[in-house]
Amino acid sequence: MSQNELEQFYEKLFSIYIDWDRADPKNNSDWNIQRYCMYQLGPIIGKYKENDHELLQIIGCDYSVQDMIDTVLPEIDSQIQKYERQHSLDIMDEMKYESYLKQHTILTGDRPMQWLEEYFEANMKGIGLTVDADTIMGFCIVYYGYLNYCKRISSVYNSDCNNLKNLYAQYCSKESSLYKYNMIDVVKECELMPIDAPRVYDKRIDKTMFTSNIPRELLLAISILKDMGILGNLAVRVSNLKSKIYDGRYDLQTLMEAKEFGKLFSINTLTSVPITKLYSKEYDDAIWIKITETDITFEELCKSDVRTTDSIVTQVIHLQYRKANGTIVISHIDHEFVFYDKKEYVSRKTNSDIKGTKHTRLKSFKIDNSMIPFDYNIVRKVSIFNSDSNKDVVVEEEVPFLIFVLKCYFKHEELIDEYFQNIYR
């Protein structure tokens, strides 16, 4: 079976997942309670339990051991990288990390069939599923292939926006933010919804779309600036996934079982960031700051490189500023991902003029023609744990807008703190 045919099958599986996710088994003839339960572990498991003819035909095709290795390895590598990026591992994570390292060794060595039996087949039996021996490899390939497909289409680095272009066919020209930057322009018919998960409702198409890579707290701050009339033009990136696009105004929020604690963003007593005191500096090839008379660019390079399948990714926050009515205002600000190939990235570590050209930059949001005071503060309420009283407490703080945006995205918050503290010494 060709890769293209498998991709079409994975797309069909994903559509089935969406139907299942939004179904009410009490009032849906296609998803009665018995069938709904069959699919709780995903559409592949569900289809196999139903003896689906198409799935059985696909997993019965002639696959090679190398096909299996090539399909499974990306997920194992992804898990290994996830644990290696963490500063510390608890005992459970340490065990999982060691397990993935062992799986990688077995799978890429001379014992791939041992991996199939000891890990994949054993895991399937652990959930009560026994797959025929002559199709277990095909089942494994389809299982991991679908997992890779889902990760790829839901990746924050995926620039595909064809679903959105279809929705906005009669509203967006080739000059719109959708075609230029993969974002939708927030016009008067759009409502920002800073709830969990954050989203935008567009009355024109009567759809609610979840934002992509815009935290709820940042969307709330942007919404406040919009209401104040100092925002100007706004474009935001929303998910292209059909599973993140709903008919009508959808305001159902996620219920979090575990308590989520916030992080304080302020820096000691710093309440404003005078533009005249900023200067260019780098920290351990982690954050580069370039300043001109009109622009400031922050770019974060991580020691544990953030990688996609074929590129290394950095984050950039760029702003433009000017004087207005005797004060300095932010007239433009955006966030984007930059994609480097290996050679570019090695050069970039020592040369700020190197540009990442592996893929087109991908923006998360863009604000233009704004009048945001440079010393404008965001007032935040943060739930934190007080070890002295052994209780949760709510702390209120004021955070300069620029620092707030930086800390919404950059991983190395301590470098941001160090930079802004140093300019006051």
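As a starting point, this report considers the structure included with it. (Residues numbered from 1 in each chain as written. Predicted model: local features only at pLDDT ≥ 70, side-chain atom pairs only at ≥ 80, totals over all residues. Heavy atoms only, no water.)

**With respect to helix H11 (residues 216–228)**
Because an α-helix packs 3.6 residues into every turn, residues spaced three or four apart end up facing the same way. Stated precisely, the cut-off is as follows: Per the convention used, a helix needs a DSSP run of H or I reaching at least four residues, while a strand needs a run of E reaching at least two, with both numbered from the N terminus. Multiply 1.5 Å by the residue count of a helix minus one, and that product is the helix's expected span. Only protein chains enter the accessibility calculation, which uses a 1.4 Å probe; a residue is then buried when its area is under 20% of its type maximum, exposed when over 50%, and partly exposed in between.
Here H11 contains 13 residues, and its C-alpha end-to-end distance of 19 Å stays within 8% of the 18 Å for a straight helix at 1.5 Å per residue. Taken residue by residue, H11 has Leu-218, Leu-219, Ala-221, Ile-222, Ser-223 and Leu-225 as its buried positions. Residue Gly-229 follows H11 closely and has a positive phi angle near 80 degrees.

**A word on the pairing of strand S16 (residues 391–400)**
Heads up, the condition is: Should DSSP find at least two bridges between two strands, the strands are taken to pair.
Sheet topology places strand S15 (residues 377–386) next to S16; 10 bridges connect them, and they run antiparallel. Counted as the bridge partner of Val-382 is Val-395 from S16. Where S15 hands over to S16, the hairpin turn is made up of four residues, of which Asn-390 adopts a positive phi near 60 degrees.

**Regarding unusual backbone geometry**
In this chain, Asp-196 is followed by Ala-197 through a cis amide linkage whose omega measures -5 degrees. A positive phi is found at Asn-182, a non-glycine position, where the angle reads about 65 degrees. Here Asn-182 lies in the loop between helix H10 (177–181) and strand S1 (184–185). By relative accessible area, Asn-182 is classed as buried at 19%. Phi is positive for Asn-369, close to 55 degrees, though the residue is something other than glycine. Here Asn-369 shows up in the loop between strand S13 (359–368) and strand S14 (372–373).

**Concerning the state of the cysteines**
Heads up, the rule is: Disulfides are defined as pairs of cysteine sulfur atoms found within 2.5 Å of each other.
This model, assessed by the stated rule, comprises zero disulfides. Among the cysteines around Cys-140, which has no disulfide bond, Cys-61 carries the closest sulfur, lying 15 Å off. The exposure class assigned to Cys-140 is buried, which follows from its relative accessible area of 0%. There is no disulfide at Cys-172, and the cysteine sulfur nearest it, in Cys-190, is 9.1 Å away. Judged by relative accessible area, Cys-172 falls into the buried class, the value being 15%.

**Let's talk about the sheet that holds strand S4 (residues 207–210)**
So the rule is basically this: As a rule, the C-alpha atoms of each element are fitted with a line to give its axis, helices using only the stretch in contact, and angles between N-to-C directions run from 0 to 180 degrees. In this description, contact between two residues means that some pair of their heavy atoms is separated by no more than 4.5 Å.
Strand order in this open sheet of four strands is S2-S3-S4-S6, and the pairing throughout is antiparallel. Of all the strands in the sheet, just strand S2 (190–193) and strand S6 (245–247) have a single pairing partner and so form its edges. Strand after strand, the sheet turns through a mean of 20 degrees between neighbouring axes, direction not considered. Where strand S3 (residues 199–202) and S4 come together, four bridges link them in antiparallel fashion. Within the sheet, the bridge partner assigned to Asp-202 lies in S4 and is Lys-207. In this fold H11 packs onto S2 and S3, with an angle of close to 135 degrees to the strand it touches most, S2.

**What to know about the pattern of salt bridges**
Under the convention used in this document: Any carboxyl oxygen of Asp or Glu that lies within 4 Å of a side-chain nitrogen of Lys or Arg is treated as forming a salt bridge with it.
The final tally for this structure, using the stated rule, is 21 salt bridges. The salt bridge involving Arg-35 is made with Glu-50; its shortest N-O contact spans 2.7 Å. With Arg-35 in helix H2 (residues 33–38) and Glu-50 in the loop between helix H3 (43–49) and helix H4 (53–59), this residue pair connects regions lying 15 residues apart in the sequence. Owing to a relative accessible area of 29%, Glu-50 belongs among the partly exposed residues under this scheme. If you follow the salt bridges from partner to partner, you end up with Asp-334, Glu-336, Arg-361 and Lys-363 in one network.

**What to know about empty space enclosed by the protein**
To find leftover empty space, a probe the size of one water molecule is rolled over the atoms. Heads up, the rule is: Each cavity reported here is a set of points on a 1 Å grid over the protein atoms alone in which a 1.4 Å probe fits but cannot get out, each pocket an open set with protein on both sides within 12 Å along at least five of seven lines, and each lining residue one with an atom within 4 Å of a point. Grid points are joined across faces, edges and corners, and a volume is the space filled by probe spheres set on the points. Three residue categories are used. Nonpolar comprises Ala, Val, Leu, Ile, Met, Phe, Trp, Tyr, Cys and Pro, charged comprises Asp, Glu, Lys and Arg, and polar comprises the others, including Gly.
The tally for this structure, following the rule as stated, stands at one cavity of 30 Å³ or more. Reported here for the largest cavity is a volume of approximately 60 Å³. Contributing to the lining of the largest cavity are 10 residues, with Ile-287, Ile-289, Leu-415, Ile-416 and Tyr-419 lying nearest its centre. Within the residue set of the lining of the largest cavity, elements represented by two or more residues are strand S8 (287–291) and helix H14 (413–422). Element by element, the count of residues in the lining of the largest cavity is highest for H14, at four residues. Of the residues assigned to the lining of the largest cavity, the class counts are 10 nonpolar, no polar and no charged.

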